[in-house]
Amino acid sequence: MSNNENTIIQLLHQLQKTESFEANEEAIAKEYFESNLEKHGLAIKVLSVLGGILGTLAFIGFLFIAGLYNSSTALVIAGVLFIVTAVFINKQSGKLVLDTATICIFLSGFFLAGYGLEEMKMGENTTALIFIFIALVTLAVMQRFMLSLVAMLIINGCFLFLIFNNNYDNLIHIYISLLATVFTCYLLNEAALITSNPIISALYKPMRTALMFSFITAVYFVGKKGWVHLSPSMLWLSALVSIGITLFLVTKKILPVFNITDKKTKTIVYIMTLAILLPTLFAPAVSGALMVLLLSFFVDYKTGIVTGILSLIYFVSQYYYDLNLTLLVKSGILFTSGLLLIFFYFITNKINTNANI
């Protein structure tokens, strides 16, 4: 038993002596130990996924060299067997060393099944719906972090495929709004979700990560000029929800935390917030990254903070690059935005200092 587990048990003993409550010490220690197994760094998780993708490509190449592609039925059967095998292995053992192998087998199964269904002339939309169904079944059967995360990302990828493949590009605005709303509700109701149901509790962390990356991916398609056919006059639809959520966080969450009641201070904060958000009305990717950063900062979601910062840097750079303005005007916009952010930092820092006095 580790020192941390011993410390937890000692604290439970002390609490039981001073307070009238009972606790299952062994279950709590076991839960703590298992949760620590899941707490790997973001870099390790990303490397596991990338390793799984590279392994998948190599393995699929071997299978095609072996001539498996000659039978569409064999492809579908092999794909289903691969998916079942990956779920079984991952369910039996949650060790990180097996994550790359199970991700490789899992993704290979989807690729082989998809290729086989395509050869059967099943139709791209039908194949995408089948993939969504298989991923949902996977989540119901197994709730390990990495494979659950991959399954959720597959679901998001299929939804995006259905939108763009059927030339309903402008539906991406509704999809982004839904993702932003669900992601916000998910993070702000962590305690209620974790205690509501064992399956929901087990899926909370992968779902949180999947929602964040799905949202960032969706706004990337909108923010990358020329990738999809969107009406420029409708871009504000995607930004509106992100801006609204950011204002909600500032009003209902940030100001109460700092105990700000003075109307003058509130007015300054609102003006500064609007001054930063309004220019992003036609830059949904920028407002989306700001929302992810602020929301993750409020709930202390470190992966979200890092992702939000990196996304914000990239989307601001991309927006700056795509502007059809002169270099002088672009420089003026960046300079003004920088001054606003610095001023906003000093205001919040002063508020934080006064709140701690």
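Before reading further, recall that the structure is shown in the block above.
What you see is a predicted model; the values in this text were computed from it and never measured.

Student: Talk me through the overall build of the protein; I want residue IDs and the actual numbers.
Tutor: Looking only at helices and strands, the protein has 15 helices and zero strands in total. When each of the 357 residues of the protein is scored for burial, the buried share is 38%. For the protein, the proportion of contacts with a sequence separation of at least 24, taken over those separated by at least 6, is 71%. Of the roughly 20000 Å² that the protein leaves accessible, carbon and sulfur atoms contribute 69%.

Student: Which residues make up the packing of aromatic side chains, and what values do they have?
Tutor: Enumeration according to the criterion identifies nine aromatic pairs in this entry. For the pair F159 and Y175, a centre-to-centre distance of 6.1 Å together with 45° between the ring planes defines the contact as tilted. Pair noted here: F159 is in helix α7 (residues 145–165) and Y175 is in helix α8 (residues 172–188), with a separation of 16 residues, a long-range link. On the basis of relative accessible area, F159 is assigned to the partly exposed category, the value being 37%. Judged by relative accessible area, which is 13%, Y175 ranks as buried. Aromatic rings pair up to connect F164, Y220, F221, Y314 and F315 into one cluster.

Student: An account of helix α12 (residues 263–277) is requested, with residue identities and associated values reported.
Tutor: Spanning 15 residues, α12 covers 21 Å between terminal C-alpha atoms, matching the ideal 21 Å at 1.5 Å per step. Three or more residues of α12 are buried, namely V269, M272, T273, I276 and L277. Relative to the axis of α12, the buried residues are bounded by an arc of 130° and lie together on one face. In α12, the exposed positions angled more than 90 degrees off the buried face are occupied by K263, K264 and I271.

Calculation notes
- Residues numbered from 1 in each chain as written.
- Predicted model: local features only at pLDDT ≥ 70, side-chain atom pairs only at ≥ 80, totals over all residues.
- Heavy atoms only, no water.
- Helix = DSSP H or I, 4+ residues; strand = E, 2+ residues; numbered from the N terminus.
- Buried < 20%, exposed > 50% of the residue type's maximum accessible area, 1.4 Å probe, protein only.
- Contact = heavy atoms within 4.5 Å.
- Areas by Shrake-Rupley, 256 points an atom, 1.4 Å probe, with all protein chains shown as cover.
- Phe/Tyr/Trp six-rings, centres within 6.5 Å; stacked < 30°, edge-to-face > 60°.
- Expected span 1.5 Å × (residues − 1).
- Arc of directions from axis to C-beta.

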